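Letter by letter, the chains look like this.
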Amino acid sequence: MAAITMNELVKEFPGGVRAVDGLSMTIEDGEFFALLGPSGCGKTTLLRTIAGLESASEGRLSIGERDVTDLPPGERRVAMVFQDYALFPHMNVAENISYPLKIQKVTRRDRYAKAEDVGEGLALDGLMDRRPGQLSGGQQQRVALARAVASNPTVFLFDEPLSNLDARLRLEARTFLKRLQRELGITTVFVTHDQAEALALADRLAVMRDGKILQIGSPRDVFTSPASTFVASFIGSTPMNLRPGVVRGDAVSVAGASVPLPTSSVGSVREGQDVVWGARPEYLRWSPEQVDGGIKGTVTVTENLGASVLVSLEVGETFVQFIVDEDDEPAPGTEGWVVAKPERTLLFDAESEQLIGAAAKDPAVSPA
Amino acid sequence: MTTTIEQASTHPRAESMAFARAALGRIGRYVFLGFVIVFFALPVLWLVTAPFDRAPALRLSFPSFTLRNFETLLDNPYALRSLGNSLIISLGTMALVLILAALASYALSRVRIPGRDTLLYMLLLLSSIVTGTAAMVPTFVLITELRLIDTHLAVVLVMAGGLLPAAIFILKDFMDNTPKSYEESARVYGASPLQILRHVVVPIARPGLATIAVWSVVQVWGNFLVPFILLRSPENFPAAVIMFTFYTEGGQPNLALISAFSLLFSIPVVLLYLFVSRRYGFRFYGGIKS
Amino acid sequence: MPTTSPTELQPQGPTSPGGPLRRRGTADDAAGLGRSRASAFVAPALVMIGIFLVFPALWTLYLGVTNWRLTGAAAADPEFVGLDNYLDALTDDRFLNSLYLTVIFVFFSAIAGQMVIGFTIAWVLRLSSKRIRPAVEMLVLIAWILPASVIAWLWLALLDRRSGTLNTILGTEGTAWLLEYPMQSIIAFNIFNGTAFSMLLFGAALASIPPSQLETARMVGAGTWATLRDVVFPNIRGHVLTVMLLVTLWTFNVFTPFLLTAGGPNQQTEILPVFIYRLALQAGELGKGAAFSLIMILINLVIALVYLRVLRERRT
């Protein structure tokens, strides 16, 4: 049982900077949990505070059933994998992997046996005598993982685990990491600035900004119901179209057109409310002929994404982007309409930038 | 040589003038280097020829080869002993500087102690202006009052005190450039601070520590002034001081002894320099004389 | 998945959201040393430095205002003499002579000698082949690495009147260089000893000049002097100042000429370090010697402060 619970956790640095600003949330036992956000949002500081490398200024933290707020890192039974892996260059792979067990005073024979065991499970057999300098990036990462596994922790903490790998390797490592966590079933918290990575790996994720949590939810929740315009623009490989509009009856006047009110916001708006209308490029359908509730514009730029194309549509003074199949690519200069299903569009309040309609998923989220 | 620019004329005279200028430049360079080589090599040539000469003279001459001169070292009661003394105070100072500087520089690098940066710069400034020469009088009086005159301990302590600021500065810079993730990793896995130092910090800091160790030895090995003013008995003199007595003690200097002794005395530092420059390259840290 | 509710944390103690900042006892540094242990690590070094570097420097102030001597009545019971030592210094011929000699020595040996020669060597070697350059550098460096006593003896051998190599080469048999040209001798000796430092620093400085600038000068047809004037010196101005100050500081404090001439003949080469030694430790005038030492320290301080100022300006 190793859930992580924090209550009004604060980390303030000298000078008054609050890197972690009053966070309360629970990470469930066995969850693969992502801390996602732009650089400087406090995600690494939060991770280090869970590890004990930073001591919390206020609030409390518990791992499993124990309150660890005042415990030094060595007594929290967590394992941390750093961005640069921190493999000790003067020890070979076996010595590196068995190091935590050495501290735990396991006998020499036992800890090397365990190291062999774990190493095998991570495809490292045959490399046990090598020094870290003689290993490839992917191998180094697996050694760091092996060391973490061998230490028998209740929680895994990963700081940007994949960012030191080159792009191709990163995708392989992603799948590998997810499978490993599922097999081991150990609560894992990882930090990343790459939203695609977070969405792919996490069971649940927290989007952070300036030391606060903006939203906690499953990848699907965060993708389909982002709590604010910031989250909406941060999540998703192509940025969501966010355009100012006004509520008129049961439609929204935006980009010179009248589009139907998004399903999720029906009943939660008032007439004349200033809003921000959001639609993902993936959910906009292109039509050369007029459609009801569509937005009309002229194609300006097309960007080839491989099997699909990102098209920019000039609409009056602004533009809207949508994605089509490679076979349906319209030529620049073509006039046409884009339309989206009301179930797939969103409305945000223009002033508060908050999502209109969908309720917050987790009662422990502190308001942004 | 054709050009399309009018100024770089195809006039034969201008061409040959440019050629002559280049040639003169070249000759000038070689002549200068020649002088440099002669200036710096001449005194040193004696050092490598005279010890092996059967009849060593002050004048540089081709040696009639013998190793007999090195026997004189055994005849003189102080010669070999002084080399031992040099070793003692060099290694003693090295050990003291290494341990104290390593501890201090690690703490200063990793822990936010108030006034840390000012302290470092003050110390560095201090050690630059309070040189062995400028402090010879108060140092002498201090050691006399401490009743440590004529002891190796005094020399070690004084030299260590002078070398520590620079050593700490260099090592701290080295530690600053070493990532903290190694120590943090060990800490998360439960290692105590002492274990972290032993298992992680010291092994990783080895290049920096080796540099400081060699640097300390080199500084002390050839140092004349400090042992000269603090030591009295010839038995305690290190090689630098005893050698001075070989040639100033009236009468004819024993050339066989002096030449052999000079060579032996010089070899360790030359070897150390070669070792360091091969491994780490000759580096200067903020102009500190290494 | 079962969850632990936040309420389980309550009994452990009151949470204080928005309350006063509570500092935990655990350490925040990489290895978990904490402030007190870190201070304990630094303390021994500071004590050493304090006793053997700081204290002597401060004690000079005290000693300089006494008439302490090595032997005799004033040794057992030194008296406070105020600024007498310093006032005497202003009219002390020997001191003024020494100061004058030191200035000459530093100027010719450090600035005109080591710096100019060091720079020229570094400049010329840039263009030299891969075999010549390391050989020459090694030669110059050996002069710096060899122990001072050895180098002094090598020069004694070189300059000897009867059998010195220099006389043989120049054909000036019978010239007692150390007696007839003592200042020149120690200046040459010090240049021999110290040039390596300038050479290396200037070598690094020259290497830091963007090659594109040098190549531009070449394309325009600039000769050596023009290149030096327009490209090299503007780029390494800061380095020149740095080297000058460091070399000056070192040469000003160097004691090794003592090994060659011991200040003689007749105090003709009695630079300050030698003067202080002879006065304080040979003649035993510790009080006076301390006063002059303080003057030395102050001069060092001025040089060092100018150096720091130059460094700070370079950094901005």
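Scroll up for the structure.
Residues numbered from 1 in each chain as written. Chains lettered and ligands numbered in written order. Predicted model: local features only at pLDDT ≥ 70, side-chain atom pairs only at ≥ 80, totals over all residues. Heavy atoms only, no water.

### What to know about the overall build of chain A
Part 1: The secondary structure content of chain A amounts to 8 helices and 20 strands.
Part 2: By its C-alpha atoms, chain A is 75 × 45 × 35 Å across when sized along the principal axes.
Part 3: Across the 368 residues in chain A, those meeting the buried criterion constitute 56%.
Part 4: A separation of at least 24 residues holds for 65% of the contacts in chain A among residues at least 6 apart in sequence. (Helix = DSSP H or I, 4+ residues; strand = E, 2+ residues; numbered from the N terminus. Buried < 20%, exposed > 50% of the residue type's maximum accessible area, 1.4 Å probe, protein only. Contact = heavy atoms within 4.5 Å.)

### Things to note about a nonpolar patch on the surface
Residue and element names in this part refer to chain B.
Part 1: On the surface, L74, L80, L264, I267 and L271 cluster together into a nonpolar patch covering about 440 Å² of accessible area.
Part 2: The biggest single contributor to the nonpolar patch is helix α12 (residues 255-279), with 3 residues.
Part 3: As for its placement among the helices and strands, L271 is situated in helix α12. (Patch = residues over 30% accessible without salt bridge, like charges linked within 9 Å, V, L, I, M, F, W, Y side chains within 5 Å. Areas by Shrake-Rupley, 256 points an atom, 1.4 Å probe, with all protein chains shown as cover. Salt bridge = Lys/Arg side-chain N within 4 Å of Asp/Glu carboxyl O.)

### Brief notes about the interface of chain A and chain B
Part 1: Between chain A and chain B, the residue contacts involve 25 residues of the former and 17 residues of the latter.
Part 2: Buried surface at the junction of chain A and chain B, summed over both partners, amounts to about 1800 Å²; 63% is from carbon and sulfur atoms.
Part 3: Ranking the residues of chain A by area buried against chain B places H90, Y99 and I103 of chain A at the top, with a combined share of 26%.
Part 4: Taken together, the links from chain A to chain B amount to 1 salt bridge.
Part 5: Run the count over chain A and chain B and you get 7 residue pairs in polar contact (both at pLDDT 80 or more).
Part 6: Taken together, the elements giving at least two residues each to the side of chain A that touches chain B come down to β6 (78-81), α2 (93-103) and α4 (137-150) of chain A.
Part 7: Across the side of chain A that touches chain B, the residue classes break down as 17 nonpolar, 4 polar and 4 charged. (Buried area = accessible area lost by both parts, 1.4 Å probe. Polar contact = N/O pair within 3.5 Å; in protein donor to acceptor, adjacent residues only side chain to side chain. Nonpolar A, V, L, I, M, F, W, Y, C, P; charged D, E, K, R; others polar.)

### Some remarks on the packing of helix α3 (residues 79-110) of chain B against helix α1 (residues 35-64) of chain C
Part 1: Running from N to C, α3 of chain B and α1 of chain C point in directions that differ by 135°, and their axes come no closer than 8 Å. With respect to their mutual orientation, α3 of chain B and α1 of chain C come out oblique. The handedness of the crossing between α3 of chain B and α1 of chain C comes out as left-handed. In contact with L96, L100, L103, A104, A107 and L108 of chain B of α3 of chain B, α1 of chain C contributes A38, F41, V42, P44, A45 and M48 of chain C.
Part 2: Within the contact of α3 of chain B with α1 of chain C, the residues separate by chemical class into 12 nonpolar, no polar and no charged. (Axes fitted to C-alpha atoms, helices over the stretch in contact; angles between N-to-C directions. Parallel < 35°, antiparallel > 145°, perpendicular 65-115°, else oblique. Left-handed = near helix turned anticlockwise from the far one by under 90°.)

### Overview of the sheet that holds strand β15 (residues 285-287) of chain A
Residues and elements named next belong to chain A.
Part 1: The strand order β15-β19-β16-β17-β18 describes an open sheet built from 5 strands, whose pairing is antiparallel. Edge positions in the sheet fall to β15 and β18 (318-325), since each has one partner strand and no second. Between one strand axis and the next, the sheet turns by 45° as a mean value, whatever way the strands run.
Part 2: Note: strand β16 (residues 295-304) against strand β19 (residues 335-339), 4 bridges, orientation antiparallel. Along β19, the bridge assignment pairs I295 with V338. (Pairing = 2+ DSSP bridges.)

### Digging into the packing of aromatic side chains
Part 1: Scanning the model with the defined rule gives 40 aromatic pairs over all chains in all.
Part 2: A centroid spacing of 6.0 Å and a plane angle of 80° characterise the contact between F39 of chain B and F192 of chain C, whose relative ring orientation is edge-to-face. Of this pair, F39 of chain B sits in helix α1 (residues 12-49) while F192 of chain C sits in helix α9 (residues 182-207), on two different chains.
Part 3: Judged by relative accessible area, which is 0%, F192 of chain C ranks as buried.
Part 4: Their ring planes at 20° and their centres at 5.6 Å tell us that F40 of chain B and F192 of chain C sit as a pair that is stacked. Here F192 of chain C lies in helix α9 and F40 of chain B lies in helix α1, a pairing that spans two chains. The pair formed by F40 of chain B and F192 of chain C is uniform in burial state, with each residue classed as buried.
Part 5: Aromatic rings pair up to connect F224, F228 and F244 of chain B together with F255, F258 and Y277 of chain C into one cluster.
Part 6: The aromatic ring of F88 of chain A is capped on one face by R147 of chain A, whose charged end is 5.0 Å from the ring centroid.
Part 7: Positioned over the ring face of Y283 of chain A is R344 of chain A, at 4.7 Å from the centre of the ring. (Phe/Tyr/Trp six-rings, centres within 6.5 Å; stacked < 30°, edge-to-face > 60°. Lys NZ or Arg CZ within 6 Å of the ring centre and 35° of its normal.)

### Overview of the pattern of salt bridges
Part 1: Going through the model one piece at a time under the given rule, you end up with 19 salt bridges over all chains.
Part 2: Salt-bridge contacts for R48 of chain A lead to E184 of chain B; the nearest nitrogen and oxygen are separated by 2.6 Å. Remark: E184 of chain B occurs in helix α7 (residues 181-188) and R48 of chain A occurs in helix α1 (residues 43-51); the pair is interchain, linking two chains. Just as R48 of chain A is buried, E184 of chain B falls in that class too.
Part 3: For E270 of chain C, the salt bridge identified is with R94 of chain C, shortest N-O distance 2.7 Å. Of this pair, E270 of chain C sits in the loop between α12 (257-261) and α13 (272-282) while R94 of chain C sits in helix α4 (residues 93-126), and the two are 176 residues apart along the sequence.
Part 4: According to the relative accessible area criterion, E270 of chain C is buried, its value standing at 0%.
Part 5: Each of E12, R18, D21, E58 and K212 of chain A takes part in salt bridges that share partners, so that together they form one network.

### Description of the nonpolar core
Part 1: Grouped together as the largest cluster of nonpolar side chains are 229 residues, with contacts concentrated most on L46 of chain A together with F261 of chain B.
Part 2: At 15 residues, the largest contribution of residues to this core is made by helix α6 (residues 152-176) of chain B.
Part 3: Non-local contacts of L46 of chain A, meaning those with residues more than four positions away in its chain, are made with M6, L9, V20, L23, M25, L35 and M208 of chain A. (Core = buried A, V, L, I, M, F, W, Y, C linked by side-chain atoms within 4.5 Å.)

### Regarding the packing of α4 of chain A against helix α5 (residues 167-184) of chain A
Residues and elements named next belong to chain A.
Part 1: Following both chains from N to C, one finds α4 and α5 inclined at 15°, their axes separated by 12 Å at the closest point. Classified by the angle between their axes, α4 and α5 sit roughly parallel to one another. Crossing of α4 against α5: the hand is right-handed. Along its contact with α4, which presents G138, Q141, R142, L145 and V149, the element α5 presents L169, A173, F176, L177, L180 and L184.
Part 2: Looking at the contact of α4 with α5, its residues break down into 8 nonpolar, 2 polar and 1 charged.

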